[in-house]
Amino acid sequence: MSRAFTMVSPALWRSARFQSLDNDARLLFLYWLTNEHSNSAGCYRLPAAYGVADLGWTREQYDAAAASVVGADMAEFDFDTDEVLIGKWFLHSPPTNVKHAMGTRSAIEKIESLDFQDKAFAAFAETKFGQQVLEGVSNVHDISEHSRLAATRIGQGGGYR
């Protein structure tokens, strides 16, 4: 299910990193924040061809804007998995209750890039409801046998960064 809305902080417009971007990179970042593929984990699969089509851009224009956004440390992109990871996602869009956090945990477990999954879990663990959901999991066996969490550093007892 796609999100009905995404919170975008008005402080974004005062961000030095955002202000350093040209208009294409700003639009791409806003697109990454709000497109129909985004989820409560701030990390999702988005093949570049989708962005190119949605924005009506050339691939070169998309790649240049993506390089600017990534270079400004506002997001990351995994070319092997076609996944976007929005920087500071949980600072601006934390889960609002335990049920929301449980859904967010499920979305994080589906992240294909284990590096992104680790980063998302670490940031999620710093949120109030993320902590509650993760603390309620006493060991790996409490999580679905098919969960990718078991394959991560966190699922193997490595803790959070």
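All of these numbers come straight from a predicted model, not from anything done at the bench.

(A) Just the sheet that holds strand E3 (residues 83-86), in detail. Spatial strand order, E1-E3-E2: 3 strands in an open sheet with antiparallel pairing. The open sheet is flanked by strand E1 (43-45) and strand E2 (75-78), the only strands paired with a single partner. Strand-to-strand twist in this sheet, taken as the mean axis angle between neighbours without regard to direction, amounts to 15°. With respect to the sheet, helix H2 (residues 23-34) is in contact with E1, E2 and E3, its orientation differing from that of E3 by roughly 95°.

(B) Structural detail: the packing of helix H7 (residues 114-125) against helix H8 (residues 128-135). Across the interface, H7 lies against H8 with an axial gap of 7 Å and an inter-helix angle of 110°. In terms of axis orientation, H7 runs roughly perpendicular to H8. Counted together, Phe-121, Phe-124 and Ala-125 of H7 and Gly-130, Gln-131 and Leu-134 of H8 form the full contact between these two elements. Classifying every residue of the contact of H7 with H8 gives 4 nonpolar, 2 polar and no charged.

(C) Just the confidence of the model for the protein, in detail. Residues of the protein with pLDDT of at least 70 account for 83%, and the chain-wide mean is 87. Overall, residues 138-147 carries pLDDT values under 50, and its contacts beyond four positions in sequence, including any with other chains, amount to 8 contacts.

(D) Highlighting the environment of Ala-123. Summarising the element assignment, Ala-123 is placed in helix H7. A C-alpha to C-alpha distance of 7.9 Å links Ala-123 and Lys-88, two positions 35 residues apart in sequence.

(E) Local environment of the pairing of E3. Along E3, one buried face is formed by Glu-83 and Leu-85 and the opposite face, lined by Val-84 and Ile-86, is buried too. Relative to E3, E1 runs antiparallel, the two sharing 3 bridges. Looking across to E3, one finds that Cys-43 is bridged to Leu-85. Across 4 bridges, E2 lies against E3 in antiparallel orientation. Following the sheet pairing, Ala-75 is matched in E3 by Ile-86. The turn joining E2 and E3, which pair antiparallel and follow one another in sequence, is formed by 4 residues; a positive phi near 60° is taken by Asp-82.

Reading the values: rules and limits
- Residues numbered from 1 in each chain as written.
- Predicted model: local features only at pLDDT ≥ 70, side-chain atom pairs only at ≥ 80, totals over all residues.
- Heavy atoms only, no water.
- Pairing = 2+ DSSP bridges.
- Helix = DSSP H or I, 4+ residues; strand = E, 2+ residues; numbered from the N terminus.
- Axes fitted to C-alpha atoms, helices over the stretch in contact; angles between N-to-C directions.
- Contact = heavy atoms within 4.5 Å.
- Parallel < 35°, antiparallel > 145°, perpendicular 65-115°, else oblique.
- Nonpolar A, V, L, I, M, F, W, Y, C, P; charged D, E, K, R; others polar.
- pLDDT = per-residue confidence, 0-100.
- Buried < 20%, exposed > 50% of the residue type's maximum accessible area, 1.4 Å probe, protein only.

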